[in-house]
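Each chain is listed here by its residues.
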Amino acid sequence: MRTYGQYCGIAKALDTIGDRWTLLIVRELLALGPCRHTDLRNGLPGIASNLLVDRLRELEEAGLIQREAAPPPVATTLFSLTERGHELEPVLRELSRWGVPLLREPGASDTFRTHWLDMPARALTDHRPDQPAIALQLHADGNEDLVIEVKNGSVHTHAGRVDHPTASLTGPPHLLAATLLGDLDLSAAEQQGLQLSGEREAVLRILPR
C-alpha cells in the first residue's frame with residue numbers, strides 16, 4: 001500500500017484520495033449521482049478501464065463509495081458515494097474555485113463535458129430568492145446539457161434537459177465557464193458567440209456580480 005507514513009491529516013487524506021483519477025471519480029459521482037462503469041468511463045476520457053476498476057475498488061475499501069445492483073431493465077452495477085464520500089464535496093468545491101484562473105487559457109487538446117460545470121454552478125448565488133423558481137439549461141457545443149434549478153434561494157444542478165427552461169445558454173465551453181465563473185459578463189460573452197434564449201433576467205439572477 002502506498003503511504004506517506006506521516007501522522008498528519010493532510011498526509012493521511014492524500015494516502016486515500018491522492019492518486020491520479022481518484023478525485024475525478026468523486027467529481028463524476030457528485031455531479032451525476034449513481035453511475036455505471038460506462039458512465040464513469042465517458043466522464044473520464046483517457047482513463048484505462050483496468051485502472052478505473054482499481055480506483056473504484058480502492059475507494060470502496062476506503063468507505064467512500066458503494067456499489068449496488070440496479071433492478072431491471074438497467075440490471076447492472078451502480079456506483080455511488082457514501083456519506084463519507086459526500087464529505088469531499090467542499091474539498092472539490094475549493095479546488096474548483098482555486099482552479100478558476102487556470103481555465104482562462106484552455107489547452108488545444110483539452111476534453112470537456114458540460115457536467116464538469118456542476119461544481120462552479122453549485123457555487124452560484126440566487127440574488128433574488130423572493131422571485132419564482134427558474135430552470136436554466138446550459139449546452140456546450142457537442143455535449144450533453146446541464147440544468148441549473150433555482151428556488152427559494154437554493155441552487156441545484158443535474159445533467160439532462162428540461163422541457164421548458166426559463167432560459168438557455170449555448171456556446172463553446174470556455175464561454176460558458178467564463179460566464180458562470182464571473183470572468184466575463186453576459187453581454188461580452190454574447191459578443192464572443194454565446195447564445196442566450198429565454199429570459200435574460202433569469203440568467204443575470206444567478207451570475208456573479
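These lines cover the structure that appears in this document, whether it is placed above or below. Being a predicted model, the structure only gives us computed values, none of them experimental.

1. Remarks on the sheet that holds strand β3 (residues 134–140)
The strands that make up a sheet are held in pairs by hydrogen bonds between backbone atoms, and each pair lies either parallel or antiparallel. Read from one edge of the open sheet, five strands run β5-β4-β3-β6-β7, paired in mixed fashion. Only two strands of the sheet have a single neighbouring strand rather than two, namely β5 (154–159) and β7 (195–198). Going from strand to strand, the sheet's axes swing by 20° on average, the running direction of each strand aside. Examined bridge by bridge, strand β6 (residues 167–171) and β7 share four bridges and lie antiparallel to one another. When the bridges of β7 are listed, S168 appears paired with S197. The strands touched by helix α8 (residues 173–180) are β3, β4 (145–151) and β6; relative to β3, the strand with the most contacts, the crossing angle is about 145°.

2. Brief notes about the environment of L52
Assignment of secondary structure puts L52 in helix α4 (residues 49–61). Sequence-wise, L52 and L40 are 12 residues apart; in three dimensions their C-alpha atoms are separated by 8.4 Å. Beyond its immediate chain neighbours, meaning those up to four positions away, L52 contacts I25, H37, L40, R41, L44 and I47.

The rules behind the values
- Residues numbered from 1 in each chain as written.
- Predicted model: local features only at pLDDT ≥ 70, side-chain atom pairs only at ≥ 80, totals over all residues.
- Heavy atoms only, no water.
- Pairing = 2+ DSSP bridges.
- Helix = DSSP H or I, 4+ residues; strand = E, 2+ residues; numbered from the N terminus.
- Axes fitted to C-alpha atoms, helices over the stretch in contact; angles between N-to-C directions.
- Contact = heavy atoms within 4.5 Å.

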